[in-house]
Amino acid sequence: MPKNIRFSIGSLILFLLLTILVTYPLIFNLGNFLVLDTDWPDESLQSWTLRWDVHAILSGTEGVRNIWNANIFYPYPNSLAFSEHLFSTVFLLMPFILLGNTPLVATSLGMILTTALSGWGTYLLVTWLTGNRRAGLVAGIAFAFAPFRLSHLTQLHLLSTQWIPFMFLAMGRLIKLHRPTDLILLIIFTNLQFLAVINYAPIIVLGLAIWTIFYLYSYRYQISPKLFAFILIWAVVTLTLNWPILKIYQQVSEQMGIVRNLGDAKIYGASIINYMLPIGNSLLYGRWLGLPTHIDYQFAGIGIFLTTFPGVSVLVLAIAGIVLFPKANKNITLALLTIIVVGFVLSFGTNDESFGQSLAPIVAKLLPYSYLYQLIPILQGLRIPLRFALLTTFGLTILAGIGFAKLSQLLKPTYKQSLVATMLVSSFIIIEHLPAPLPGGLNSYGAEGYTWLARHTAPESILVELPYYLHTKKSHQEAVREYQSTIYWRTLVNGNSGFKPKWLVELGRLLDVFPEWRSLDLLRHLGVNYLVLNQEQYDPSAWQNLTGLLPLYLPSIESLHTVGNMLILQLKPPTCASTASQIYLDTANFPSISISNNSSATWVADPHRASEVRFGENHRQFLEPLFVLPAQTVAFSLPIGTANLTDWQIDFNNLEQKVMPKSGIVPAKAAIPSSGWQSLQIPFANKATLQSMVMGEKTEICGELTLHLKWKFATYDNEKIEVELIDKFGRMVLNQQLQPIKQADSFVSSHLLPLAETIPPGMYQLRLRLLTRHGDEILPVGLDGKSVNQPISLPIVIRPATKDKSFLTEDNPIYLINRIALLGISNLPTTVKAGEWLRFTVVWQNKDLSTTDDTVFTQLLGPDGKVWGQHDNQPKGGLYTTSLWRVGEIVEDDYAVKIDSAAPPGDYRLIVGMYNPISGERVKIAGGNNDFIEVAKMTVSR
């Protein structure tokens, strides 16, 4: 084997061993060790990305075609492009991804390999520049273990700098030697780097451009058309390979409104402190000398999130490289210096306070980032200018290697002295930055609930996990859901990446109060099939409240499953739906648009169907709000730069409507009834009077509550009327504010409150408030002329949707003595396992008006006569009591009974009945002495 190949292989092995040392104890816990803290599992996101790429590739042509439509952030398309795709890294780590027992194995090995290859590539580059392998070794160690790189140890994509030195080496060799081999290597390494981390692409292009310009100048007498042809081929091939990917990111950026403004460039710009603080857990500075490190400051303020500290040894050697480099090769020095300075200056972004508040006015004028931001559109996609420090780090380490080589040449040490010097300098560089043993924690993989989902749910199922964190400071924990989804590969509403879709963040505010009608209605119309509730992540009181309210919403739940610490709910598909004709658009304040939903079902847009706004000669795609709840109005602004346009058209593809100036879709005015008005004559403190009201007769779910109010004002001053629907727990279910309309000598306010399918039937209160135009409440006045400090409240019954009287009716229904008949029972399985939930629906019919509110009991009796499962409540979760039922009304009463996990196998009986909740006495069956009805027999297994 040739000597140079032996040295190359040996140096690669050395870098692997040193990386294992620096990242200790990672090598011993590849499958479950999370660096730093399990609460910040960036490795989970990287692991999921690698596994998703492989999953898509191994799924055949269909999988590859849909690789961008990852299984997170449903229903948004191209969710893989919300962060890095890691395409070239996937092929580097493919064997470990396929053979690893957890996805984290490949990510952990990726940390080691990218670090070792970064050092090895730098070794080869500096060895080629200087002819000194020991100088290459020093530079390789300096770059591989630079604090800038190690600060990104948990972020595999940002750690992936391994192909950068190979790119610079190939470009230098191509310009110097004009060989096709170097062109091929340049194309390979460039695209491996760009396909590993797109975030670094503009930064690397800038550095490589500077390197190329100076190299061309250095060898200007050897420039030929052949060389320019080679460079053109490289540029065309690279652009061809990366253009489709760039188009995906550009499309996502446009549709999702991902634009990084100059405010971001200030927040995420570097501070001089970034260049002064050593790496966290640094052996020399942190543990031996007790100096502050970047980890100590990590959360003290934005901008001090990672260190760009180059290290004293690297700085000293780099200065030596500048001073001692021969004049014949001064262009290489100038190239590196330019790269260092450009990276340093641009890393500050627009952070005018990077050198302190007192210097901010001066620094603001000197920083060029804001000018470049306007000239170079790609900068509008970069969130963290601090990453330009990569150029500074890389340039300094190359100069440090050159400095070491020139010092060796100047001092002329013996072989042994040179070897000792190399070891000492390399050791000091490592000691300066050594973070080992890395702090961190162990991660679990393969929880029982996730394996259950893999076995018992359809591949096309859509899931959401609760508690939901995307809208909170714990949003990083959603990466754990991504990571665990590699067990079952179902589609998740959850997700975590470099970008958070606004409307999935808004979804979190609804899910905070789950179970509640809004969240359930939205999830069902969104297409969610399963809700996964993680009990251990709830406070005990919150979990008790959640499970206590769940019976109210059983009509929306197909089945329940307790698996480990998870409660998994299978949702029923919705039966009421919104239509485009019930969705209204207001374009009066263009480019601000408002969408109102007057239907009794949540309207959900399909984000795969982007809408478009045309203004003048321009056009832009956009995504309208993902959802609008019943009775909700949502405003949003179109992505155009001015509000003073009159020539525009909007194609709302989800509504199949074209809207132009003065053509917004507006709701029809409600017809005001001419009769049925009930006199009220309630005075208010502003001398207004609520004269009368009329309410719609049919207030059923999947319908609407209509209320018309007639007012008289002494002087009308743009007062508003607010109507609120309040449940028995004092929670506001619906509300609406509007201004009354002048009619003859009075004003009329017509209120329409859509009643979603998920609103539990029962007794509610309708509150009426009179508000000033500023929103302050105007109180009603009592008989004594004094203000009454409470709103007007009217009782109202919200009823279930009307059922056909023949529904499930038997030839001989079983009557109880309270004149309520049992018509039947549905959804019953023939077999069920101990510890599982028994989900069923009892169907009643009221034959007469009831004056009592009887409680229903359901019991599962074992072969020993013992009760192994029971649930008692008044009908419909306790809200729609029997005294509210109309004569002849059919009521579907939903139940979920948890079977005791200790229940013995055998034949069981399910019995149903009613009892008086005050006396506890059971209601007997008419014409007999039995006080229960046996409705089914089933087998319980273990």
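Before going into details, it helps to say that this report is about the structure given with it. (Residues numbered from 1 in each chain as written. Predicted model: local features only at pLDDT ≥ 70, side-chain atom pairs only at ≥ 80, totals over all residues. Heavy atoms only, no water.)

**A look at empty space enclosed by the protein**
Piece 1. Using the criterion set out here, one finds four cavities of 30 Å³ or more in the structure.
Piece 2. Within this model, the largest cavity holds a volume of roughly 50 Å³.
Piece 3. Lining the largest cavity are Ala142, Ala146, Thr308, Phe309, Pro310, Val314, Thr393, Leu396 and Thr397.
Piece 4. The dominant element in the lining of the largest cavity, judged by the number of residues it contributes, is helix H19 (residues 389-411), at three residues.
Piece 5. Residues of the lining of the largest cavity, tallied by class, amount to six nonpolar, three polar and no charged. (1 Å grid on protein atoms, 1.4 Å probe; cavity = no way out; pocket = protein on both sides within 12 Å on 5 of 7 lines; lining within 4 Å. Points joined across faces, edges and corners; volume = space filled by probe spheres on them. Helix = DSSP H or I, 4+ residues; strand = E, 2+ residues; numbered from the N terminus. Nonpolar A, V, L, I, M, F, W, Y, C, P; charged D, E, K, R; others polar.)

**Observations concerning the nonpolar core**
Piece 1. One finds Ile650 and Leu725 to be the most contacted residues of the largest nonpolar core, which totals 115 residues.
Piece 2. In terms of residue count, the dominant contributor to this core is helix H23 (residues 502-511) (six residues).
Piece 3. Contacts of Leu725, omitting those with residues within four sequence positions, involve Leu705, Arg731, Met732, Val733, Leu734, Leu755, Tyr764, Gln765, Leu766, Ile796 and Ile798.
Piece 4. Core analysis: the next-biggest nonpolar cluster, separate from the first, contains 105 residues, Leu283, Leu367, Leu379 and Ala400 among them. (Core = buried A, V, L, I, M, F, W, Y, C linked by side-chain atoms within 4.5 Å. Buried < 20%, exposed > 50% of the residue type's maximum accessible area, 1.4 Å probe, protein only. Contact = heavy atoms within 4.5 Å.)

**As for helix H20 (residues 415-433)**
Piece 1. Relative to the 27 Å expected for 19 residues at 1.5 Å per residue, H20 spans 28 Å between its end C-alpha atoms, a close match to the ideal helical length.
Piece 2. Residues of H20 that are buried include every one of Ser418, Thr422, Ser426, Ile429, Ile430, Glu432 and His433, and no others. The buried side chains of H20 occupy one side of the element, clustering within an arc of 160° when seen end-on. Exposed and facing more than 90 degrees away from the buried side of H20 are Lys416, Met423 and Leu424. (Expected span 1.5 Å × (residues − 1). Arc of directions from axis to C-beta.)

**Section: the side chain of Glu722**
Piece 1. Within the fold, Glu722 resides in strand E20 (residues 720-726).
Piece 2. At 3.3 Å, the side chain of Glu722 forms a polar contact with the side chain of Asn735.
Piece 3. Here Glu722 is in contact with Asn735, Gln736, Gln737, Arg767, Leu768, Arg769 and Leu771, once residues within four sequence places are set aside. (Polar contact = N/O pair within 3.5 Å; in protein donor to acceptor, adjacent residues only side chain to side chain.)

**Things to note about the pattern of salt bridges**
Piece 1. Summed over the entire model, instances satisfying the criterion amount to 26 salt bridges.
Piece 2. Measuring nitrogen to oxygen at the nearest pair gives 2.3 Å for the salt bridge that ties Arg518 to Glu516. An identical accessibility class is assigned to Arg518 and Glu516; each is buried.
Piece 3. Measuring nitrogen to oxygen at the nearest pair gives 3.9 Å for the salt bridge that ties Asp717 to Arg773. One end of the pair, Asp717, is in the loop between strand E19 (703-712) and E20; the other, Arg773, is in the loop between strand E24 (762-771) and strand E25 (777-778), with 56 residues separating them in the sequence.
Piece 4. Residues joined by salt bridges that share partners form a network here, namely Glu612, Arg614, Asp651 and Lys658. (Salt bridge = Lys/Arg side-chain N within 4 Å of Asp/Glu carboxyl O.)

**Remarks on unusual backbone geometry**
Piece 1. With an omega of -5°, the peptide bond running from Ala436 to Pro437 counts as cis.
Piece 2. Looking at the element boundaries, Pro437 is found in the loop between H20 and strand E2 (440-442).
Piece 3. A cis amide bond, omega 0°, links Leu466 with the succeeding residue Pro467.
Piece 4. Among the secondary structure elements, Pro467 is positioned in the loop between strand E3 (462-466) and helix H22 (478-484).
Piece 5. You will see that Trp489, though not glycine, has its phi angle at about 50°, which is positive.
Piece 6. With respect to the helices, strands and loops of the structure, Trp489 is situated in the loop between H22 and strand E4 (491-492).
Piece 7. Assessed through its relative accessible area of 18%, Trp489 is described here as buried.

**Side note on the packing of helix H9 (residues 164-177) against helix H11 (residues 201-218)**
Piece 1. Remark: H9 packs on H11, axes separated minimally by 10 Å, with the N-to-C direction vectors making an angle of 25°. In terms of orientation, H9 lies roughly parallel with respect to H11. For the pair H9 and H11, the crossing hand works out as right-handed. Where H9 approaches H11, its residues Ile164, Met167, Phe168, Met171, Gly172 and Ile175 are matched on the opposing element by Ile204, Gly207, Leu208, Trp211, Thr212, Tyr215 and Leu216.
Piece 2. Considering only residue class, the contact of H9 with H11 consists of 10 nonpolar, three polar and no charged. (Axes fitted to C-alpha atoms, helices over the stretch in contact; angles between N-to-C directions. Parallel < 35°, antiparallel > 145°, perpendicular 65-115°, else oblique. Left-handed = near helix turned anticlockwise from the far one by under 90°.)

**What about the sheet that holds strand E33 (residues 890-898)?**
Hydrogen bonds between backbone groups are what pair the strands of a sheet, and the pairing can be parallel or antiparallel.
Piece 1. Taken together, four strands build an open sheet; the order of strands is E27-E28-E30-E33 and the sheet is antiparallel. Every interior strand has two partners, whereas the edge strands, strand E27 (814-815) and E33, have only one.
Piece 2. The pairing of strand E28 (residues 820-826) with strand E30 (residues 837-846) spans six bridges and is antiparallel. Considered in E30, the bridge of Ile820 is made with Asn846. (Pairing = 2+ DSSP bridges.)

**Side note on the state of the cysteines**
Piece 1. Overall, the coordinates contain one disulfide when judged by the stated rule.
Piece 2. With a sulfur-sulfur separation of 1.7 Å, Cys576 is cross-linked through a disulfide to Cys702. Judged by the torsion about the S-S bond (-60°), the Cys576/Cys702 disulfide is left-handed. Pair noted here: Cys576 is in the loop between strand E7 (566-571) and strand E8 (583-586) and Cys702 is in the loop between strand E18 (689-695) and E19, with a separation of 126 residues, a long-range link. (Disulfide = S-S within 2.5 Å.)

**Structural notes on H23**
Residues spaced three or four apart along an α-helix point in a common direction, a consequence of the helix completing one turn every 3.6 residues.
Piece 1. Counting buried residues along H23, seven of its 10 residues qualify, which places the element largely inside the surrounding structure.
Piece 2. Taken as a whole, H23 has its buried residues at Trp503, Leu504, Val505, Leu507, Gly508, Leu510 and Leu511.

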